[in-house]
Amino acid sequence: FGDYSIRFTISHEWGHHLQTIEGVRVTDNPELDGGRYLIEVELQADCIAGVYAQEAVARGWATPEDLNDAYQVTLFIGDPSGTPYDHPMAHGNGEQRRQAFATGLEDGLFGCYFSPGAQS
């Protein structure tokens, strides 16, 4: 998927680092213990990767072709069709992951944060 796939992966993992700093945690029963489902955390990391892409475009580090590569990666790495939302390994289907990346790209970091008390 081109050179940008490496930057997508690193920025996604950087998103997990930010989540750790912010105290975002995965739990088996978010409704009862205030955590998040894994899929929510993974999609937020994809969104944060989009925030990096927004900055990369602004600085001339990423091209439209790079963004296309990133979109192709998100579509390819999505969960198989029918994966339950609460599956312990769910990361989001390709379209969910593409949309999360696009949200970060378009809305910046503000678009990636959970509303207080909201469950997606």
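If you're wondering where the values come from, they're calculated on a predicted model, not measured in any experiment. (Residues numbered from 1 in each chain as written. Predicted model: local features only at pLDDT ≥ 70, side-chain atom pairs only at ≥ 80, totals over all residues. Heavy atoms only, no water.)

A. Just the packing of aromatic side chains, in detail. Under the criterion given, the structure shown has 4 aromatic pairs. Judged by centre distance (5.6 Å) and plane angle (75 degrees), the ring pair of Tyr-37 and Tyr-85 falls under edge-to-face. Here Tyr-37 is found in the loop between helix H2 (30–33) and helix H3 (38–58), whereas its partner Tyr-85 is found in the loop between helix H4 (64–76) and helix H5 (94–107), with 48 residues between them in sequence. For the ring pair Tyr-71 and Phe-101, a centre distance of 5.4 Å and an interplane angle of 85 degrees mean the geometry is edge-to-face. Within this pair, whereas Tyr-71 is found in helix H4, its partner Phe-101 is found in helix H5, the two being separated by 30 residues in sequence. Accessibility assignment for this pair places Tyr-71 and Phe-101 in one class, buried. One aromatic cluster is present, formed by Phe-8, Tyr-71 and Phe-101 through successive ring pairs. (Phe/Tyr/Trp six-rings, centres within 6.5 Å; stacked < 30°, edge-to-face > 60°. Helix = DSSP H or I, 4+ residues; strand = E, 2+ residues; numbered from the N terminus. Buried < 20%, exposed > 50% of the residue type's maximum accessible area, 1.4 Å probe, protein only.)

B. Layout of the environment of Pro-84. Structurally, Pro-84 can be placed in the loop between H4 and H5. A relative accessible area of 41% places Pro-84 in the partly exposed class. Note: C-alpha distance between Pro-84 and Pro-64 (20 residues apart in sequence) is 33 Å.

C. Main features of the packing of helix H1 (residues 4–22) against H4. The N-to-C vectors of H1 and H4 enclose an angle of 65 degrees; their axes lie 8 Å apart at closest approach. The chirality of how H1 crosses H4 is right-handed. Contacts between H1 and H4 involve Tyr-4, Ser-5, Arg-7 and Phe-8 from the first element and Asp-66, Asp-69, Ala-70, Val-73 and Thr-74 from the second. Looking at the contact of H1 with H4, its residues break down into 4 nonpolar, 2 polar and 3 charged. (Axes fitted to C-alpha atoms, helices over the stretch in contact; angles between N-to-C directions. Left-handed = near helix turned anticlockwise from the far one by under 90°. Contact = heavy atoms within 4.5 Å. Nonpolar A, V, L, I, M, F, W, Y, C, P; charged D, E, K, R; others polar.)

D. Local environment of the state of the cysteines. Under the counting rule described, the total for this entry stands at 1 disulfide. With its sulfur 2.1 Å from that of its partner, Cys-47 forms a disulfide with Cys-112. With the S-S dihedral at roughly -85 degrees, the linkage between Cys-47 and Cys-112 falls on the left-handed side. Here Cys-112 lies in the segment after H5 and Cys-47 lies in helix H3, a separation of 65 residues in the sequence. When sorted by exposure, Cys-47 lands in the same class as Cys-112, which is buried. (Disulfide = S-S within 2.5 Å.)

E. Here's a closer look at the side chain of His-16. Along the chain, His-16 falls in helix H1. On the accessibility criterion, His-16 (17% relative accessible area) is buried. There is a polar contact of 2.7 Å between the side chain of His-16 and the side chain of Gln-19. Setting aside anything within four residues of it in sequence, one finds His-16 in contact with Val-41, Glu-42 and Ala-45. (Polar contact = N/O pair within 3.5 Å; in protein donor to acceptor, adjacent residues only side chain to side chain.)

In short, shape yes, function no, at least from these values alone.
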